[in-house]
Amino acid sequence: MSKTMWMLALRNVTRNKRRTFLSLIAIAIAALSIVLLLAVVEGMKIDLKKNLTDYYIGEVRIRNAQYNRYERYHPLHLSVDQSIVETLKHTPLVTSYSQRVTFPSLLYKEEKTYSSVGIGIDMDKESSYADFSSIISKGRLPNVGSFEIVMGSQLAQNLNLDVGDTITTLSTTANRASNAATWSIVGLVSFPVGSMNNSYFLAPLDTVQHFLSMEGKVQEILLKVEGDEIVAAQELTTLFHNPSLVVEPFQHIQQLYELLELSEKIYYLISLFFVILASTVVINTTMMMVFERTQELGTLRALGLRPQKVHTLLSLEGLILNTTGSLIGALIGTLIALVLTHTGIDFTEALSGVDMEVSSIIYPVVYLKHIVFSWLFTLLISTGAIIISTRKVTHKGITESLRYV
Amino acid sequence: MKRYLFLLILLLISIASLPALSADEIIQKMDEHQDFSSTIIKGSITRRDRFGELTSTYTAWAQGSDTFLLEFTSPAERGQKILRLDNQLYLFYPSAQELIRLQGSALRQSLIGSDLSYEDMSSHKNTLDVYDAKLLSSEIFNGRQCYVIELSSKKRNVAYPIQKMWVDATHYSLVKSEAFTASGRHLKSIEVEKTMMINNSVIAQKTLVIDQLKKNSSTTLEILSIEVDVPIEAHLFTLQNLRW
């Protein structure tokens, strides 16, 4: 490939500035969109997993072996003895743990009852697992041993409650009897998950244990572990050697893991749809760019330029445009994504009323592999479109090309 | 064959010997036989489900059949109280600062996880105020001659629109009862397993209740001791007293 061909291609690219600019924009927007989309999808995937592990199932979960079978009855008497925490403390593969009692509850206000879910957490030690203090929007976390709660901000708003108010809750105890207690609301919490915000409240574990007749027992222990969760769960099962306990990695917690897998598939499907959309824009622009020059190319061939040379010339022009466009797009997309990594994208309006375990503010996550993929993909698509359209143009006869309008 | 013939004759004699009472009269007599001016009962509620058996004990004070106070005495529920006053149900829990007045759908909740609902505790004193009665037949049930009566509710907002009752023909006490929805779905069944005689009235001492909508669940109510027509201080049935 001679230097002259490169020079000719470069001159052609700069000759028609408007055409070049439009092509560059189309290719750049496609690359930019793909980078951003993949970053958002990755952010959503990580967010969903974090929410599931922080608030619902942990990376590894320890429960009474019988609890899962009867879960829909909320059998709090099928509990886990808190003493096993001592073993967890001395197990290097456990990075943090959270002892919890999650219990359905009816909130009683002005002679009406409202469904909700309470979580008893160890206020002193929970911060090493899930930092609830960081999502307090008003007030403070409850004190240990008190009848104090923090309530999901949307739940509080729905019930017209605020910090300083009290609320009475009715629940079924571990004795399968009922009990009620009045709690002071000392804080409002903005759970990242909308469904929690609408119906959850947090209370001190020791008070909840007393309230539900579960002294020394918890409903479950959620763990964060070093390395592979499945291996960690197996090691812990061997360590406890207790058939009354079930140690499950989150991948084996069927319902929620299926949700995670399903959501990944949905995310990829959405990504694919947008990638196809971006590709059609690139293909369309690139092919039009070649086809509109059919007459010009016919003239070149009439002057003696062989089809092979025309092909090479157009391919070089395409290479210059596509490489530049996709690189600019991928870089701008990366810059925007990096800014959004810190600011987040607020989906509060879009997700209002949607019962999903995804946060209303998504923080995109940028990976180098995604940037390279976006750049190469756009480059490949646009170059492919050039090759196809060039072949079509060079296969036309000279007179036919000259007559082309 | 001879045995069957004997049973048939026995049945015919027993039917012939029943006094000719209407369904309304039978129900009225049943209501009257359970009507004491006051009662103090110590009893137990044993509930069985898929997780095993649990027993709670209580003391209940009743003035007529519309007003009562029930206080749990078993450790798991100690101090919890239920007051029925002016046709309203109030719950008191030691850890709650306010009384809970149950109404509407909340009345359908189970009483301490048993087969009884709070609604079952707010039944009407006079059955005929709420139901139309129809005498279906008479039959021997558990060796006792019984009237079989069908009750159809006059009002729409009744927990059990249709009830079928087996009433002892001698003592006019309830022997068995089955409750259905208007469309005929079986909701609950009650069977008196043991009776006791108090002031010439036969009352249920041990009763088995089965909520047909729950699987593997049943509840036994047992009266451990009973005093009837004894003076009870009126302030016991007040909201102020409930908090103490």
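Since the model is a prediction, treat every value here as computed from it, not as a measurement.

Asker: Is there a simple way to think about the packing of helix α2 (residues 17-57) of chain A against helix α12 (residues 368-395) of chain A in this case?
Answerer: Helix packing geometry: the angle between the two helix axes and the distance between the axes. All names here are of chain A. Closest axis-to-axis distance for the α2/α12 pair is 9 Å, and the angle between their directions is 145°. Between α2 and α12 lies a crossing of right-handed hand. Packed against α2, whose contacting residues are I27, A30, A31, I34, V35, L38 and E42, the element α12 presents H370, I371, F373, S374, F377, T378 and S382 at the interface. When its residues are assigned to classes, the contact of α2 with α12 shows nine nonpolar, four polar and one charged.

Asker: I tried to follow unusual backbone geometry on my own but got confused; where do I start?
Answerer: If a residue is not glycine, its phi is most likely negative; likewise, a peptide bond is most likely trans. Residues and elements named next belong to chain A. You will see that H74, though not glycine, has its phi angle at about 50°, which is positive. Mapped onto the elements of the fold, H74 is located in the loop between β1 (60-64) and β2 (80-81). For S213, which is not glycine, the phi dihedral falls at a positive 55°. One can find S213 in the loop between α6 (205-211) and β10 (217-218). Since its relative accessible area comes to 28%, S213 is described here as partly exposed.

Asker: Whenever I open this one, the side chain of T91 of chain A confuses me. Can you help?
Answerer: Residue and element names in this part refer to chain A. Of note, T91 is situated in the loop between α3 (84-89) and β3 (94-109). Within polar-contact distance, the side chain of T91 engages the backbone oxygen of T87 at 2.6 Å. Excluding its chain neighbours within four sequence positions, the residues that come into contact with T91 are L236 and L239.

Asker: I keep staring at helix α2 (residues 23-33) of chain B and nothing clicks. Help me out?
Answerer: In an α-helix, one turn spans 3.6 residues, which is why side chains three or four residues apart end up on the same side. Residues and elements named next belong to chain B. Those residues of α2 lying buried are A23, I26, I27, M30 and D31. Within α2, the buried residues cover an arc of 135° as seen down the axis, which keeps them to one side. Looking at the buried positions of α2, the neighbouring elements they touch are α3 (127-130), β7 (131-141), β8 (144-153), β9 (162-168) and β10 (174-180).

Asker: Help me understand the packing of aromatic side chains, please; the structure alone is not making it clear to me.
Answerer: Describing an aromatic ring pair means giving the distance of the ring centres and the angle of the ring planes. Residues and elements named next belong to chain A. What the rule picks out here adds up to 13 aromatic pairs over all chains. On the basis of an interplanar angle of 50° and a centroid distance of 5.7 Å, the ring pair of Y55 and F132 is categorised as tilted. Linking Y55 in helix α2 with F132 in the loop between β4 (112-121) and β5 (136-139), this pair joins segments that are 77 residues apart in sequence. Summarising the burial analysis for this pair, Y55 and F132 share the class buried. Their ring planes at 70° and their centres at 6.4 Å tell us that F191 and Y200 sit as a pair that is edge-to-face.

Asker: Just checking my understanding: could you explain the interface of chain B and chain A for this structure?
Answerer: One widely used convention gives an interface's size as the accessible area the parts lose upon coming together. In this assembly, 23 residues from chain B lie in contact with 19 residues from chain A. Taken together, both faces of the contact between chain B and chain A bury some 1,900 Å²; the carbon and sulfur share is 50%. Of all residues in chain B, the largest losses of buried area upon contact with chain A belong to R50, F51 and S95 of chain B, amounting jointly to 29% of the total for that side. Joining chain B to chain A, the criterion identifies two salt bridges. Inspection of the region where chain B meets chain A yields 11 residue pairs in polar contact (both at pLDDT 80 or more). Elements with a contribution of two residues or more to the side of chain B that touches chain A: β1 (38-49), β2 (52-63) and β6 (100-102) of chain B. A per-element tally of the side of chain B that touches chain A places β2 of chain B first, with three residues.

Asker: What's the story with the pairing of strand β12 (residues 201-211) of chain B in this structure? I'm lost.
Answerer: Regular strands place side chains that alternate from one sheet face to the opposite one. Residues and elements named next belong to chain B. Counting buried positions along β12 yields eight of 11 residues, so the element is predominantly enclosed. Bridge count for strand β11 (residues 186-198) against β12 is 10 bridges, and the pairing is antiparallel. Bridge pairing links S189 to I210 in β12. Pairing geometry for β12 and strand β13 (residues 218-228), over four bridges, is antiparallel.

Asker: Looking at this structure, I do not really get the nonpolar core. What am I missing?
Answerer: Here is a general trend for soluble globular proteins: nonpolar side chains tend to be buried in one another's company. Formed by 42 residues in total, the largest nonpolar core has its most connected members in I62, V101, M151, I221, L223 and L236 of chain A. Ranked by residues supplied to this core, first place goes to β3 of chain A with five residues. Discounting chain neighbours no more than four positions away, the residues touching I62 of chain A are V80, I84, L88, Q219, E220, I221, L223, F240, L245, V246 and V247 of chain A. One finds Y58, Y93, L116 and I198 of chain B within the second-largest nonpolar core, a separate group that totals 33 residues.

Asker: Where do I start with the environment of L135 of chain B in this structure?
Answerer: Residue and element names in this part refer to chain B. Relative to the helices and strands, L135 is located in strand β7. You can call L135 partly exposed: its relative accessible area is 36%. Sequence-wise, L135 and N241 are 106 residues apart; in three dimensions their C-alpha atoms are separated by 43 Å. With near-sequence residues (within four places) excluded, L135 lies in contact with L21, A23, I26, Y147, V148 and I149.

Asker: Looking at this structure, I do not really get a nonpolar patch on the surface. What am I missing?
Answerer: A contiguous nonpolar surface patch, about 560 Å² in accessible area, is contributed by L262, I266, I270, F273, F274 and L277 of chain A. Position of L262 of chain A among the secondary structure elements: in helix α8 (residues 254-291).

Asker: How do you make sense of the side chain of T334 of chain A when you look at a structure like this?
Answerer: Residues and elements named next belong to chain A. Relative to the elements of secondary structure, T334 occurs in helix α10 (residues 307-343). Within polar-contact distance, the side chain of T334 engages the backbone oxygen of A330 at 2.5 Å. Sequence-distant contacts of T334, defined by excluding residues within four places in its chain, comprise V35, V366 and I371.

Asker: Can you walk me through the domain arrangement of chain A in this structure?
Answerer: Residues and elements named next belong to chain A. Per the domain assignment, the segments making up chain A are domain 1 (3-53 + 258-403) and domain 2 (58-252). The interface of domain 1 with domain 2 comprises 11 residues on the first partner and 10 residues on the second. Carbon and sulfur atoms supply 53% of the area that domain 1 and domain 2 bury against each other, a total of about 710 Å² over both sides. In this structure, the connection of domain 1 to domain 2 is made through one salt bridge. Between E229 and K49 there is a salt bridge, with the nearest N and O atoms lying 3.6 Å from each other. Taken together, the links from domain 1 to domain 2 amount to two residue pairs in polar contact (both at pLDDT 80 or more). When residues in the side of domain 1 that touches domain 2 are grouped by element, the largest group, four residues, is from α2. For the side of domain 1 that touches domain 2, a count of residues per class yields four nonpolar, four polar and three charged.

The rules behind these values
Residues numbered from 1 in each chain as written. Chains lettered and ligands numbered in written order. Predicted model: local features only at pLDDT ≥ 70, side-chain atom pairs only at ≥ 80, totals over all residues. Heavy atoms only, no water. Axes fitted to C-alpha atoms, helices over the stretch in contact; angles between N-to-C directions. Helix = DSSP H or I, 4+ residues; strand = E, 2+ residues; numbered from the N terminus. Left-handed = near helix turned anticlockwise from the far one by under 90°. Contact = heavy atoms within 4.5 Å. Nonpolar A, V, L, I, M, F, W, Y, C, P; charged D, E, K, R; others polar. Buried < 20%, exposed > 50% of the residue type's maximum accessible area, 1.4 Å probe, protein only. Polar contact = N/O pair within 3.5 Å; in protein donor to acceptor, adjacent residues only side chain to side chain. Arc of directions from axis to C-beta. Phe/Tyr/Trp six-rings, centres within 6.5 Å; stacked < 30°, edge-to-face > 60°. Buried area = accessible area lost by both parts, 1.4 Å probe. Salt bridge = Lys/Arg side-chain N within 4 Å of Asp/Glu carboxyl O. Pairing = 2+ DSSP bridges. Core = buried A, V, L, I, M, F, W, Y, C linked by side-chain atoms within 4.5 Å. Patch = residues over 30% accessible without salt bridge, like charges linked within 9 Å, V, L, I, M, F, W, Y side chains within 5 Å. Areas by Shrake-Rupley, 256 points an atom, 1.4 Å probe, with all protein chains shown as cover. Domains from an automatic or database assignment.

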